[in-house]
Structures are given as structure tokens and as C-alpha cells.
Amino acid sequence: MIPRTLFTPEHETFRDSVRRFLEAEVKPNDERWQEQGYADKSVWKKAGENGFLCMSMPEEYGGSGADRLFSMVLIEEQARINNSTLGWGLHSEIVAPYLLNYGSDALKRKYLPKMASGDMVGAIAMSEPGAGSDLQAVKTTALRKDGAYVLNGSKTFITNGWNCDLVIVVAKTDPALGAKGTSLILVEAGTEGFRKGKRLRKLGLKAQDTSELFFDDVRVPAANLLGREGEGFVYLMQELPWERLIIAIRSVANAEAAIEWTLDYTRNRKAFGKSVFDFQTTRFKLAELKTEVQVGRVFVDRCIEASLEGRLDPATAAMAKCWCTDMHCRVIDECVQLHGGSGFMLEYPITRAYADARVQRIFGGTNEIMKEVISRTL
Ligand SMILES: Cc1cc2nc3c(=O)[nH]c(=O)nc-3n(C[C@H](O)[C@H](O)[C@H](O)COP(=O)(O)OP(=O)(O)OC[C@H]3O[C@@H](n4cnc5c(N)ncnc54)[C@H](O)[C@@H]3O)c2cc1C
């Protein structure tokens, strides 16, 4: 196999401590969280106490000032144990960077340390009932009035939505200007008029608290604007490649794990007097899958490298998201098949992985939108 060259011994030591934490604090509770439809908030605090949240934020804002590879390790390890419950990647590597990159110093000091400690859970609300792929169609407004923004509208499918304490809302500050009238506004849970809807029932990610959010005359200080008014769309376009790469990273790591579970299963499962692994069709199938995952791994690692050096372009990130999530679903589907009936039983990790993988091709921009992004560069 082509060795991975991204990580230093420090990252690998960190990987060991993440593994121990996930084994002790996450794995034993995951089944219960699946049943109840959300993870206990206490695990966020524990992750914060262990320094696992907002690691790449500067120390002055409560982070560890670590490079993003440490966050990558956490995302990979969550995928490896099939944990799709905790939106830590979104919280630490998507929501927090918006604050860091576009928030005022006062906002950073107020919120980032609480996000790093796990006292506050972050979310980002772009999608609406009538605006998903077409984000320019966002109808939520944030109109200026007496030194404040007044928000009206609703959002849907929001990851961490039910648990969130802080949400970045994509809203029109000047609806007449379309995309150029779009801004990013921070709203704290508990602000009058801000209501969380029900946790949405889903095919997979059962313990991920995906929610609707409602805004009825929600008044927030004008200082809660991130960056400049009307620039929201530009900021989204700047941050989305990284978000898409995170999805690709999860897909590759989970597909790698799926092959391991399937090797294990087929070696132990007997049929016609031998192990299922010993059928040539099984070995050839697993050889094909392993090849695909290896191809994805090398490409994604190069994308991570490019991203760390600030040169990951949107089209390449879109390729990684699109190809790796398609590959992830293909691999998991074949692995389910190799498990036979057990592949349909939730006591096997492959079954949950099958349900959870499907959304990878949808969120963060659908794979059709990824092809749009790529094709514009042809
Ligand atoms: C579990 C989950 C978590 C999510 N988390 C978040 C979150 O935290 N924050 C957030 O803001 N959103 C979140 N989303 C929303 C997600 O990003 C959107 O669902 C996604 O972008 C697709 O939008 P849509 O659902 O409106 O589909 P639509 O845009 O209605 O798309 C329907 C179909 O039409 C296709 N299509 C649309 N436009 C084109 C085009 N131009 N060319 C070709 N095909 C096209 C799509 O590819 C798709 O196949 C989440 C969604 C899910 C399911």
C-alpha cells in the first residue's frame, strides 16, 4: 500500500488518545443515543475537557492552535468506529472557522472558548424548505432596525440543530440584491422568537439531531454580523471546499473500516465447507473494493495537503466529495452483500454504515451540484 505521509508521530499519539476516548465515552452510549435520537450533551463537555473540540482555533480563543490534521484524525476515528452521531467536525471545523475568519474580535472572545469547552454547540443554517441546492433562493431575512437585525424565516435539515446553542444563519439583509444581499448572522439559542422545531426522523444518522429552526422577529445586535453585509455568499463559497473535503475524508475512512469488518466477517462465516472469504468471487470483490478505497485515500490525502497549504480549489474539492462519497456507497453496498442476511441486521456495523452513508452524496451540496462546480472549470 502507498504509505500515508501526512501525519507526524504527534498526530499518531493523538490518534491513540482519541481511540481510547471514543471507546470509553462514545461506543458504549451510541446505541442508546440512536434510540433516543440525539447524543447527550455531556459528551460534548467531555470532548471539550479532553481538548478535542475546536483544536485548530488559536489558543487565545480557547483552542489548541493545532494544525487541522488533528481534527482530521478525530473525524477519521469517528468514521472508523462508525460513529455518525456527534457533529464535532461541523462544530469545530466548519462553524468555528466562520467565526474565526469573519467574526469580530469581540464575537470570537465571546463564543469560541465556549465552543472549545463544549459548553456551546454550533450549527450553520443555510438550507430552507424552498432553498437547498439553490442557496440564492434563501427567503429568511435579517433586516436592520434600530441598531439590530430582525430575523424572519425558517431553516430545515440543520445538523446539531436541536442541541445547538449558537447558529450561523444565512439570511438576506437586502432581499432585492439576491446573492449579493446575503449575509451571515449569529443567533444564540434562547433569543426571543428563535424556536427549534422537532428532531427530524431520518433513514440514517439516527442519533444526529437534525432539526428545523424558526425565526419570528428575532432581534440580534448588529454586531452579530459575520464579516461584511452582503458578502455572505462569498464567505460560503470560500468555506465550502473545506466542508466538502471533510465529507470526503469521512467517506474514505468509513469505507476502509467497512472492508475490515467484511474481511473479518467473510473469514469467519462458513458456507459449502469453507469460509466465504475463500470463494474467488469474494476475494476478487474485496480486491476491487480495496483498490477503489486506496485510490480514494491517495487522492484525498493530496487534497488535504493542498488544503493545508491553502491551495485546494473548489473544483478539486468537489471532485473529492463527489467521487469519494459515490465510492463509499458502492463499497458499503457490496460489503452488505458479502454479509448476507447479517448485512441487514443492525447488530452488524455494516448495516448502520449502509444507512448512514447515503446522505454523504446529498449534504454539503449534492453530487449533481459537485458536477456543476467541476464542469464550470472544463
Ligand atoms: C442529514 C442532513 C444534514 C444536513 N445538514 C445541514 C446543515 O447542517 N446545514 C444546512 O444548511 N443544510 C444541511 N442539510 C441540507 C443539505 O445541504 C441539502 O439537503 C442539500 O444541499 C440538497 O438540497 P435540497 O435537499 O433542497 O435538494 P434539492 O436542491 O431540492 O435537490 C433535489 C434534486 O435535484 C438535484 N438538483 C438541484 N439543482 C440541480 C442542478 N442545478 N443541476 C442538476 N441537479 C440539480 C439535486 O442534485 C437533487 O438530486 C442537511 C441535509 C441532510 C439530509
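These remarks concern the structure in this document. Small disclaimer: the values here were computed from a predicted structure and weren't measured.

1. Some words on helix 3 (residues 68-80)
Taking 1.5 Å of rise per residue, the 13 residues of helix 3 would be expected to cover 18 Å, and the 18 Å separating its terminal C-alpha atoms lies within 8% of that figure. Along helix 3, the residues that are buried comprise L69, F70, S71, M72, V73, L74, I75, E76, E77, Q78 and A79. In this structure, the buried residues of helix 3 make contact with helix 1 (9-36), helix 4 (88-102), helix 6 (232-268) and helix 7 (280-308). Backbone nitrogen of L69 and a side-chain oxygen of the N-cap are separated by 2.8 Å at the start of helix 3; the cap is D67. Looking one or two residues beyond helix 3, the residue adopting positive phi is N82, at roughly 70°.

2. What to know about the packing of aromatic side chains
One pass over the full model with this rule turns up ten aromatic pairs. Measuring from ring centre to ring centre gives 5.3 Å for F14 and F70, while their planes differ by 75°; the resulting arrangement is edge-to-face. In this pair, F14 is assigned in helix 1 and F70 in helix 3, connecting sequence segments 56 residues apart. Note on accessibility: F14 and F70 belong to one class, buried. Relative to F215, the ring of F194 lies with its centre 4.9 Å away and its plane at 10°, an arrangement referred to as stacked. Of this pair, F194 sits in strand 6 (residues 194-199) while F215 sits in strand 7 (residues 211-221), and the two are 21 residues apart along the sequence. A single burial state applies to F194 and to F215, both of which are buried. Among the aromatic residues, those joined into a ring-pair cluster are F14, F21, W44, F52, F70 and W88. Seen from the ring of F7, R15 lies directly overhead, with NZ or CZ sitting 5.0 Å from the centre.

The rules behind these values
- Residues numbered from 1 in each chain as written.
- Predicted model: local features only at pLDDT ≥ 70, side-chain atom pairs only at ≥ 80, totals over all residues.
- Heavy atoms only, no water.
- Helix = DSSP H or I, 4+ residues; strand = E, 2+ residues; numbered from the N terminus.
- Expected span 1.5 Å × (residues − 1).
- Buried < 20%, exposed > 50% of the residue type's maximum accessible area, 1.4 Å probe, protein only.
- Contact = heavy atoms within 4.5 Å.
- Polar contact = N/O pair within 3.5 Å; in protein donor to acceptor, adjacent residues only side chain to side chain.
- Phe/Tyr/Trp six-rings, centres within 6.5 Å; stacked < 30°, edge-to-face > 60°.
- Lys NZ or Arg CZ within 6 Å of the ring centre and 35° of its normal.

All quantities given are derived from atomic positions and should not be read as evidence of function.
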